[in-house]
Amino acid sequence: MASSDGNKNTNTEPWGGFEDNIIQGTGSAVIDMENMDDTSGSSFEDMGEMHQRMKEEEEVADEAEATEEETGEDGEFLGIKGIKGQLGRQVADEVWQAGKRQASKAFNLYANIDILRPYFDVEPMQVRNRLIESMIPIRMINFPQKIAGELYGPMMLVFTLVAILLHGMKTSGTVIREGTLMGTAIGTCFGYWLGVSSFIYFLAYLCNAQITMLQMLSLLGYGLFGHCVVLFVTYNVHFHSLFYILWLVVGGLSTLRMVAAVISRTVGQTPRLILCGTLAALHMLFLLYLHFAYHKIVEGILDTLEGPNMPPIQRVARDLPVVATAAMNAVNATVKTLVQHISIA
Amino acid sequence: MAQVEETSKRMFAGLSDVSISGDIPVEGEINVPVGTPSQDKEYSTLDEPVKDTILRDLKAVGKKFVHVMYPKKSSALLRDWDLWGPLLLCVTLALMLQGGSVDSKEDGGPQFAEVFVIIWFGSVIITLNSKLLGGTISFFQSLCVLGYCIMPLTVAMVVCRLVLLGGSWGFSFIVRLIVVTASFSWSTFASTAFLADCQPPNRKALVVYPVFLFYFVIGWMILTFSPSA
């Protein structure tokens, strides 16, 4: 609606719309790219709209000028009037304006970063408080809980998780066959954050939960704080029982917090159950996966490499086979005694 | 569109009696004066010998290295930013970290591309983060600062390499740990001396943390580097 009218009436909003004078007064015939870099922190939607309108008016003004120059006041094509230089100059002008328009369209990509700007508008105190709150579940589930829509904390937590993962992979000597250590770490962490957020958001959409994508990203991002703490401790202190305790306690607390927040925004038993179950399962299993996949050397790779250099953790991880062999022995013993009894009887 | 033409024709109708010669078009551009770079005012550098150009660039790079070694609050690094220094440092670091030989199945160290990508993408992300937090520094200035501040870590890499050439295992690890820790904190301090100034005062911690993480990862790569025998 704004583009069709151009210079004229853009007052299509019921509240009066932006004053054209203001926009045209501050604009210039040549788009100054420096002005795009506005860090004044004003209302982001208005800035985006204003930029868009400035550009559109600029383009329409250019087209209007171009058509005017072409038709002329007595309808004759200027080139025919005889001055070669003028035609050349006009063509050069057109090319220049077209190029400038292309460049400003390319710079729209930069304007898109301005859209993210309000999500990074935080103070260190707020980040610290949110980190602590992410471990404290709130029991009020009958009224929608407030979820901060912020991206700085989650992004920093994901990068911290990447760094911790790298540390774990290096100390355990994990060998990645196809790909790099860094790529795997980044892919895992970002993939989890973005992928699981999208999946839970999709489920929330199906279950009619009142949560936006940004809030989901933020919630899950802060939920990774528990993961960071657990992994940081257990990559350095190699006790399996300690890991299980921390997994239940810390992982459980952060999962409960997320689950409570999501449930408080859902109505109905079945949708709540679906969302709660999926989120809890994914979150807890991810922590389990991070600990075991990158901390313990996978047996298959080790066998093909070198035998003697076994790290101490290998010895501790033999719970299951011991139990299995014990069970097998017990079964064998019972079968033997049974057979003996039957043969005697 | 027709509306625009009509109204403009109406506007121009009043000027029909103003005598403007038909073959002198009114032309010109309305330019908002931007801070033009000083290249226009200096002499053209196209005619000087190549040696002069290279030496001048090398001197500029060297001056910035000195600024990094003694991080005072000067604006030289920011005013004349260049990316030669960061490129040089990044390539040197990546080459030195590429220790593992091709034959062994074990990964002795990160590959060249990995280090390169980490440094450049890490710098880009930190720059975007500081801009989103409301910083006044431009994109390439920030890249320049972050790249130049890798220098202490490169020096630490050289020292680690030398230490690894000889000496027992445990002792050399302690020495390397101390050297890498010192150089990593030096890098972080040097870069925050430049970057944090361009932020609102209460948000400095938010900008410093990713820088800390970035240099920590690089320092970690240096510390855990073990060349295959």
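Residue indices follow the written sequence of each chain, beginning from 1 at its first position. Here the convention is simple: chains get letters from A, ligands get numbers from 1, in the order in which they are written. The model is predicted, so local features are restricted to residues of pLDDT at least 70 and side-chain atom pairs to those at 80 or more, both for listing and for counting; the totals for chains, interfaces and linings are taken over all residues. No hydrogens and no water enter the side-chain calculation; it runs on all heavy atoms of the structure.

Notes on the overall build of chain B
Then, in step 1: What counts as a helix is a DSSP run of H or I of at least four residues, what counts as a strand is a run of E of at least two, and both are numbered from the N terminus. Along the backbone of chain B there are nine helices and zero strands.
Then, in step 2: If you list the helices and strands of chain B from N to C, you get α-α-α-α-α-α-α-α-α.
Then, in step 3: When accessible area is computed with a 1.4 Å probe and restricted to protein chains, residues below 20% of their type maximum are described as buried, those above 50% as exposed, and intermediate ones as partly exposed. Counting every position in chain B, which comprises 229 residues, the buried fraction comes to 39%.
Then, in step 4: Any two residues whose heavy atoms approach within 4.5 Å at even a single point are treated as in contact. Of the contacts formed within chain B by residues at least 6 apart in sequence, a portion of 75% connects residues at least 24 apart.
Then, in step 5: On chain B, roughly 13,200 Å² of surface is accessible, and the fraction owed to carbon and sulfur atoms is 68%. Values of accessible area rely on a 1.4 Å probe in the Shrake-Rupley scheme; residue burial ignores everything except the protein chains shown.

Describing the packing of helix α7 (residues 152–172) of chain A against helix α9 (residues 204–223) of chain B
Then, in step 1: Orientation is described by lines fitted to C-alpha atoms, with helices fitted over the stretch in contact, and by angles between N-to-C directions that extend from 0 to 180 degrees. The interhelical angle for the contact between α7 of chain A and α9 of chain B, taken along N-to-C directions, is 15°, at an axis separation of 11 Å. Overall, the two elements α7 of chain A and α9 of chain B adopt an arrangement that is roughly parallel. Taken as a pair, α7 of chain A and α9 of chain B cross one another with a handedness that is left-handed. Taking contact as the criterion, the partners of Tyr-152, Met-156, Phe-159, Thr-160, Ala-163, Leu-166, His-167, Lys-170 and Thr-171 of chain A in α7 of chain A are, on α9 of chain B, Ala-205, Leu-206, Val-207, Tyr-209, Pro-210, Leu-213, Val-217 and Trp-220 of chain B.
Then, in step 2: Residue polarity is assigned by list, with Asp, Glu, Lys and Arg as charged and Ala, Val, Leu, Ile, Met, Phe, Trp, Tyr, Cys and Pro as nonpolar; anything else, Gly included, falls into the polar class. Partitioned by chemical class, the residues of the contact of α7 of chain A with α9 of chain B number 13 nonpolar, three polar and one charged. Every angle not falling under 35 degrees, over 145, or within 65 to 115 is termed oblique; those three ranges are roughly parallel, roughly antiparallel and roughly perpendicular. For any helix crossing, the convention is left-handed if the near helix is rotated counterclockwise from the far helix by under a right angle, and right-handed if that rotation is clockwise.

Digging into the pattern of salt bridges
Residue and element names in this part refer to chain A.
Then, in step 1: Any carboxyl oxygen of Asp or Glu that lies within 4 Å of a side-chain nitrogen of Lys or Arg is treated as forming a salt bridge with it. This structure, assessed with the given rule, holds four salt bridges over all chains.
Then, in step 2: Between Glu-150 and Arg-130 there is a salt bridge whose closest N-O contact spans 2.3 Å. Taken together, the positions of Glu-150 in the loop between α6 (124–133) and α7 and Arg-130 in helix α6 put the pair 20 residues apart, joining distant regions of the chain.
Then, in step 3: Overall, Glu-150 belongs to the buried group, its relative accessible area being 1%.

Observations concerning the UniProt feature "transmembrane region" (unreviewed entry) in chain A
Residue and element names in this part refer to chain A.
Then, in step 1: UniProt positions are given in the numbering used here, feature names are shortened, and annotations may be inferred rather than shown by experiment. UniProt's feature table lists "transmembrane region" (unreviewed entry) at residues 151–169, 181–204, 216–235, 241–261 and 273–294, given in the numbering used throughout.
Then, in step 2: Between the end C-alpha atoms of residues 181–204 the distance is 34 Å, and the span holds 100% helix and 0% strand.
Then, in step 3: Structurally, residues 273–294 is divided into 100% helix and 0% strand, and its ends, taken at the C-alpha atoms, are 31 Å apart.

Digging into unusual backbone geometry
Leaving glycine out, the prevailing phi sign among residues is negative, and the prevailing peptide bond configuration is trans.
All names here are of chain A.
Then, in step 1: Of note, the phi angle at Asn-208 is positive, near 60°, even though the residue is not glycine.
Then, in step 2: Tracing the backbone through its elements, the reader meets Asn-208 in the loop between α8 (181–206) and α9 (213–234).
Then, in step 3: Relative accessible area serves as the criterion here: at 59%, Asn-208 is assigned to the exposed category.

Quick look at the packing of aromatic side chains
Residue and element names in this part refer to chain B.
Then, in step 1: Any two of the Phe, Tyr and Trp rings considered here, Trp counted by its six-membered ring, make a pair once their centres fall within 6.5 Å; the pair's planes then place it as stacked at under 30 degrees, edge-to-face at over 60, or tilted in between. This structure, assessed with the given rule, holds 16 aromatic pairs over all chains.
Then, in step 2: Seen from their ring centres, Phe-65 and Tyr-148 are 5.5 Å apart, and the 75° between their planes marks the pair as edge-to-face. Placement of Phe-65 in helix α2 (residues 50–69) and of Tyr-148 in helix α6 (residues 139–148) is noted, with a sequence separation of 83 residues between them.
Then, in step 3: Tyr-148 gets classed as buried once you look at its relative accessible area, which sits at 0%.
Then, in step 4: Taking 5.5 Å as the distance between ring centres and 55° as the angle between the ring planes, the aromatic pair formed by Phe-184 and Phe-212 counts as tilted. Of the two residues, Phe-184 is situated in helix α8 (residues 169–195) and Phe-212 in helix α9; the sequence distance between them amounts to 28 residues.
Then, in step 5: With a relative accessible area of 11%, Phe-184 lands in the buried category.
Then, in step 6: On the accessibility criterion, Phe-212 (35% relative accessible area) is partly exposed.

Overview of the environment of Glu-123 of chain A
Then, in step 1: Tracing the chain through its elements places Glu-123 of chain A in the loop between α5 (108–116) and α6.
Then, in step 2: Exposure remark for Glu-123 of chain A: the relative accessible area of 25% places this residue in the partly exposed category.
Then, in step 3: Those residues in contact with Glu-123 of chain A that lie beyond four places of it in its chain are Asn-202, Arg-203 and Leu-206 of chain B.

A look at the nonpolar core
Then, in step 1: Nonpolar cores are built from buried Ala, Val, Leu, Ile, Met, Phe, Trp, Tyr and Cys residues. Side-chain atoms within 4.5 Å join them into one set. Ranked by internal contacts, the top residues of the largest apolar core, which has 106 residues, are Tyr-215 and Ile-218 of chain B.
Then, in step 2: For this core, the leading source of residues is α7 of chain A, giving 13 residues.
Then, in step 3: Discounting chain neighbours no more than four positions away, the residues touching Ile-218 of chain B are Leu-93, Ile-119, Ile-150 and Leu-153 of chain B.

Section: the confidence of the model for chain B
Residue and element names in this part refer to chain B.
Then, in step 1: Per residue, pLDDT captures the predictor's confidence, and it can take any value from 0 to 100. Residues at a pLDDT of 70 or more form 71% of chain B, whose mean pLDDT is 78.
Then, in step 2: pLDDT under 50 marks residues 101–105. Its contacts with residues more than four places away, or in other chains, come to four contacts.
Then, in step 3: Both confidence scores are given for the complex: pTM 0.64, ipTM 0.71.

A word on the UniProt feature "transmembrane region" (unreviewed entry) in chain B
Residues and elements named next belong to chain B.
Then, in step 1: The UniProt entry lists residues 81–100, 112–133, 145–167, 173–195 and 207–226 under the feature "transmembrane region" (unreviewed entry), expressed in the numbering used here.
Then, in step 2: A helix fraction of 100% and a strand fraction of 0% characterise residues 173–195, whose end C-alpha atoms lie 32 Å from each other.
Then, in step 3: End C-alpha to end C-alpha, residues 207–226 measures 32 Å, and it is 85% helix and 0% strand.

A closer look at a nonpolar patch on the surface
Residues and elements named next belong to chain A.
Then, in step 1: Patch rule: a residue counts if its relative accessible area is over 30% and it has no salt bridge; like charges are joined within 9 Å, and nonpolar side chains (Val, Leu, Ile, Met, Phe, Trp, Tyr) within 5 Å. On the surface, a nonpolar cluster with roughly 410 Å² of combined accessible area is contributed by Val-229, Phe-232, Val-233, Val-237 and Phe-239.
Then, in step 2: Within the element layout of this structure, Phe-232 appears in helix α9.
Then, in step 3: Overall, the relative accessible area of 48% leaves Phe-232 in the partly exposed class.

Examining helix α10 (residues 240–263) of chain A
Working note: α-helix, 3.6 residues per turn, so residues spaced by three or four point in the same direction.
Then, in step 1: A helix's residues, less one, multiplied by 1.5 Å, set its expected span. Between its terminal C-alpha atoms α10 of chain A stretches 32 Å, which fits the 34 Å expected from 24 residues at 1.5 Å a residue.
Then, in step 2: To get the bend at a residue, fit one axis to the 7 residues ending there and another to the 7 starting there, then take the angle between the axes. For α10 of chain A, the principal kink sits at Gly-252 of chain A and spans about 30°.

Things to note about the packing of helix α4 (residues 84–96) of chain B against helix α7 (residues 151–165) of chain B
All names here are of chain B.
Then, in step 1: Packing of α4 against α7 leaves a shortest axis separation of 10 Å and a crossing angle of 25°. By the angle between their directions, the pair α4 and α7 is classed as roughly parallel. For the pair α4 and α7, the crossing hand works out as left-handed. On α7, the residues that touch Leu-89, Thr-92, Leu-93 and Met-96 of α4 are Met-151, Leu-153, Thr-154, Met-157, Val-158 and Arg-161.
Then, in step 2: Class assignment of the residues belonging to the contact of α4 with α7 gives a composition of seven nonpolar, two polar and one charged.

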